[in-house]
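Fold and geometry: a report
Single-letter residue listing:
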Amino acid sequence: MLIVMDSAASAEDVRRVVQTVESLGLQAHAIPGAQRTAIGITGNRGSVETGAFENLPGVAEVIPVSAPYKLVSREAKRENTVVSVGGVSVGGPEIVVVAGPCAVESEAQAMETGHAVRRAGATLFRGGAFKPRTSPYSFQGLGEEGLKILAKVRKETGLPIVTEVLDTETVELVAEYADCLQVGARNMQNFSLLKKLGKTRRPVLLKRGMSATLEELLLSAEYLLAEGNYEVILCERGVRTFSDHTRNTLDLSAVPYVQRISHLPILVDPSHGTGKRQKVLPLSRAAVAVGADGLLIEVHPHPEVALSDGPQALLPEMFADLMRQVRLLASVVGRRV
Ligand code: PEP
Ligand code: MN
């Protein structure tokens, strides 16, 4: 259930509603909006009697929420959520471009890539220090050493850092260094990780699982919001289908679908979505055209020797060309880069 407060409701009115919700043994989540506050109710097993709230001062409307997600929905918050990642707004008029290597391999590799993507106009730097690999014999990432390198890249380039957190044990460690914690596709339904990240005060980039429906993606985001973390960015990165001409099938229709039912920003990752360097540029153009709030692009100065995802990494000059094209297209859809 959702309680929408009147635009003239006072803080005391909101407090009274929250107290009434809690006195029923339920949780209240006050979501301040530009015009009015909405209060989401969770913790109920069946439907909640609306009468207890309808006549409280300051209450404009009591809406039974039929969708399984509550706090991520536009019913809870009509205007777009803008998440600040180290001062960079994600979900505003500006299209953000998160760029960098799949994995941090060395200081030289990360620094060279950082400077190149910064010059080309990227807004955030990415790179994995803890890598989820299909094979236990593949490069697993540099761990904390990789995080230290990321911090150095941020210091030299000024770009805030997005990096993956693999498990609950390393949440504090990764949060010490990162401006935004990425939950990878393989962890989208790691509910203990989501609950823990919901309690941290760091933005989360939540990637769609490789066989997750959008409802499942939004319910995973709901875990984060239900624990109090509203700084959530979604990411479409392709799903597994029968098509084998690309690594995954990038589902661009996810963007307008998610934007209709949720206020959370959504990025598109054409690197993992296609797995092929030559397909990244055309699908980046398509992602901008479809209304994505940003892109996530893997870049490597020497992809032939990359320790992970070399075939999909753009060379720095290809990335610079992508930025030029994306900038032109952004104006067509009323955005900026
Ligand atoms: C990544 O971003 O490098 C990554 C591992 O992505 P995904 O979880 O989408 O496969
Ligand atoms: Mn990768």
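Each chain carries its own residue numbering, running from 1 in the written order of its sequence. For naming, the first written chain is A and the first written ligand is 1, with later ones following in the order written. Local features in a predicted model are, by the rule used here, given only for residues with pLDDT of at least 70; side-chain atom pairs are given and counted only at 80 or more, and totals for whole chains, interfaces and linings are based on all residues. Excluded from the side-chain calculations are hydrogens and water; all other atoms, namely the structure's heavy atoms, are used.

Structural notes on the nonpolar core
Definition in use: The term nonpolar core refers to a set of buried residues drawn from Ala, Val, Leu, Ile, Met, Phe, Trp, Tyr and Cys, joined through side-chain atoms within 4.5 Å. Note on classification: 1.4 Å probe, protein chains only; a residue is buried when its accessible area is under 20% of the maximum for its type, exposed when over 50%, partly exposed between these limits. Helix numbering and strand numbering both begin at the N terminus, where a helix is a DSSP run of H or I of at least 4 residues and a strand a DSSP run of E of at least 2. We call two residues contacting when some pair of their heavy atoms lies within 4.5 Å.
Counting 71 residues, the largest nonpolar core has Leu197, Leu206, Leu234, Ile297, Phe319 and Leu322 as the members making the most contacts within it. No other element matches the six residues that helix H7 (residues 214-226) contributes to this core. Leave out the neighbours within four places in its chain, and Leu197 touches Val165, Val171, Leu181, Val183, Val204, Leu224 and Asn229. One finds Ile3, Leu26, Ile39 and Val48 within the second-largest nonpolar core, a separate group that totals 16 residues.

Regarding unusual backbone geometry
Positive phi values are uncommon outside glycine, yet Asp309 reaches one of about 55 degrees. As for its placement among the helices and strands, Asp309 is situated in the loop between strand E14 (294-298) and helix H11 (316-332). Owing to a relative accessible area of 17%, Asp309 belongs among the buried residues under this scheme.

Description of H7
Threshold: To estimate how far a helix should reach, multiply one less than its number of residues by 1.5 Å.
Between its terminal C-alpha atoms H7 stretches 18 Å, which fits the 18 Å expected from 13 residues at 1.5 Å a residue. When we look at burial in H7, the residues that qualify are Leu214, Leu217, Leu218, Ser220, Ala221, Glu222, Leu224 and Leu225. Against the buried residues of H7 lie strand E2 (27-32), helix H6 (191-199), strand E11 (204-207), strand E12 (232-236) and helix H8 (254-261). Looking one or two residues beyond H7, the residue adopting positive phi is Gly228, at roughly 105 degrees.

Observations concerning the sheet that holds strand E8 (residues 124-126)
Rules: Criterion used throughout: strands pair if DSSP finds at least two bridges between them. Axis definition: a line fitted to C-alpha atoms, limited for helices to the stretch in contact. Angles are taken between N-to-C directions and run from 0 to 180 degrees.
Pairing is parallel in the closed barrel, where eight strands are placed in the order E7-E8-E9-E10-E11-E12-E13-E14. Neighbour-to-neighbour, the strand axes of the sheet open up by a mean angle of 25 degrees, direction not taken into account. Summarising the sheet, strand E7 (residues 96-100) and E14 pair through five bridges and their orientation is parallel. Within the sheet, the bridge partner assigned to Gly100 lies in E14 and is Glu298. The strands that H8 touches are E12 and strand E13 (266-268); relative to E13, the one it contacts most, it runs at about 175 degrees.

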